[in-house]
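The chain contents come next:
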Amino acid sequence: MNLHALFGGVVPELAARKHLEALFPLTQQVLRESGVSLKEIDCIGVTVKPGLVPSLLVGLSFAKALAFGLNKPLVGVDHLEAHAFSIFLQEKVDFPFISLVVSGGHTSLFMVKGEGEMYLLGQTRDDAAGEAFDKVAKLLNLGYPGGPVIDKLAKEGDPQFIPFPRPLAGAGWDFSFSGLKTAVVQYVREHEGEMRDRQHLAHVVASFQRAVVDVLVEKTLDAARYLRVPRIVVAGGVAANSALRGIMRERGEREGIKVYFPPMALCMDNASMVAYVAAYRFAKGESHGLDLDVSSRSVYRRLIHEG
Ligand code: KG4
Ligand code: ZN
């Protein structure tokens, strides 16, 4: 985290090196603390997509070595599927449900019909929501990652203070956040003096946060309404956002839609959600050979054809 804060974001090459340094001691620590031995493990689950290829390769190489050495099956997992099912580590949710996976790298809306049965409804055309939080925080010198800092500071501000745009509002289930970020850049440029005032700064971040939250809430509820699915699960790092949690819950309740958020620790990237998906895929008979590869992108089936 400190390394990423130093550079104001994730540098792929440095991140991969850190992964390599951390993986072995981390695995030893997890085994020690859990009291589980490698022999007791049924299969090795590993994230293979989507994401930064250098980091994915470090994880996959490590997983392959473990699987080969222990003679255990290897199961490749999609990171977004892992986020979408992270809630199941806490509680069971009936199918189907609408899943909003909203993180630093992704903003995607899915219809989830069963284990591993995900259909893409919409996704961001440019920046992810978390990326917008991180970029706005960087612009305002608030540090990295931006989400938690903005979340905290926004509590002191008025979310109606500046009417920032709600990108692609009412225009289907795709998202766009780069225009909103540019609107903040422009506002800050035009109000340099006022930005030195903490209260004004709080108003700006609260207004920006509300614009992001409004779009996420509207589109997710619209999908639930249109597809007549009375359950929404929000996952990914941005699901930790207090305004998103509050407004999505309140709006859902008003419309008879049950809204689920995983506990904070499961919102952020974590290995247990990957293990969960690997476990149900393995139980269905899925496993991969040592020629398994990583991919920067994932391709999901669309429920409704684009356009
Ligand atoms: O899921 P995650 O841990 O990693 C990715 O797969 O990207 O999400 C990290 C992202 C970062 O962009 C961070 O700023 C954002 O989640 N985030 C938040 C909050 N906590 C983390 N965004 C808004 N409000 C928060 N409280
Ligand atoms: Zn993630």
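Residue positions are counted from 1 within each chain, in the order its sequence is given. Labels are handed out in written order, letters beginning with A for the chains and numbers beginning with 1 for the ligands. Only residues with pLDDT of at least 70 get local features here, since the model is predicted, and only at 80 or more are side-chain atom pairs given and counted; chain-wide, interface and lining totals rely on the full set of residues. Note that water and hydrogens are dropped before the side-chain values are worked out from all heavy atoms of the structure.

In this section: the sheet that holds strand 7 (residues 258-260). The sheet built from 6 strands is open, its strands ordered 7-6-3-4-5-8 with mixed pairing. The two strands at the open ends of the sheet, each matched to only one other strand, are strand 7 and strand 8 (301-302). The pairing criterion for strands is at least two bridges between them, as found by DSSP. Helix numbers and strand numbers start at the N terminus; a helix is a DSSP run of H or I with at least 4 residues, a strand a run of E with at least 2. When strand 3 (residues 97-102) meets strand 6 (residues 231-235), the two strands line up parallel, connected through 4 bridges. Its bridge partner lying in strand 6, Ile98 is registered against Ile232. Every residue pair with non-hydrogen atoms within 4.5 Å of one another is taken to be in contact. The convention used is that axes are lines fitted to C-alpha atoms, helices contributing only their stretch in contact, and that angles between N-to-C directions extend from 0 to 180 degrees. On top of the sheet, helix 9 (residues 242-254) reaches strand 3, strand 6 and strand 7; it is set at about 160° to strand 7, its chief contact.

The amide bond that connects Lys49 to the next residue, Pro50, takes the cis arrangement and shows omega of -20°. Its place among the elements puts Pro50 in the loop between strand 1 (44-49) and helix 3 (53-70). Look at the link from Tyr144 to Pro145: it is a cis peptide, with omega at -5°. Relative to the helices and strands, Pro145 resides in the loop between helix 5 (129-139) and helix 6 (146-154).

Now for the site of ligand 1. Neighbouring residues of ligand 1: 21 residues in total, closest Gly104, Asp134, Gly147, Asp151 and Asn241. By the criterion applied in these results, polar contacts are pairs of N or O atoms within 3.5 Å in which, for protein atoms, one can donate a hydrogen and the other can accept it, and in which residues neighboring in sequence qualify only through two side-chain atoms. Measuring from an oxygen atom of ligand 1, one finds a backbone N or O atom of Gly104 at 2.8 Å. One nitrogen or oxygen atom from the main chain of Gly237 is found 3.0 Å from an oxygen atom belonging to ligand 1. Within the complex, 88% of the 550 Å² of free accessible area of ligand 1 lies under protein. When residues of the shell around ligand 1 are traced back to their parent elements, those giving at least two are helix 4 (79-85), helix 5 and helix 6. Among the elements that take part in the shell around ligand 1, helix 6 stands out by supplying 4 residues, more than any other. Residue classes follow a fixed rule: Ala, Val, Leu, Ile, Met, Phe, Trp, Tyr, Cys and Pro count as nonpolar, while Asp, Glu, Lys and Arg count as charged, and any other residue, Gly among them, counts as polar. Among the residues making up the shell around ligand 1, the classes are represented as 7 nonpolar, 11 polar and 3 charged. The near set for a molecule or strand comprises every residue that places at least one heavy atom within 4 Å of it. Areas reported as accessible are Shrake-Rupley estimates using a 1.4 Å probe. Residue values count occlusion only from the protein chains shown.

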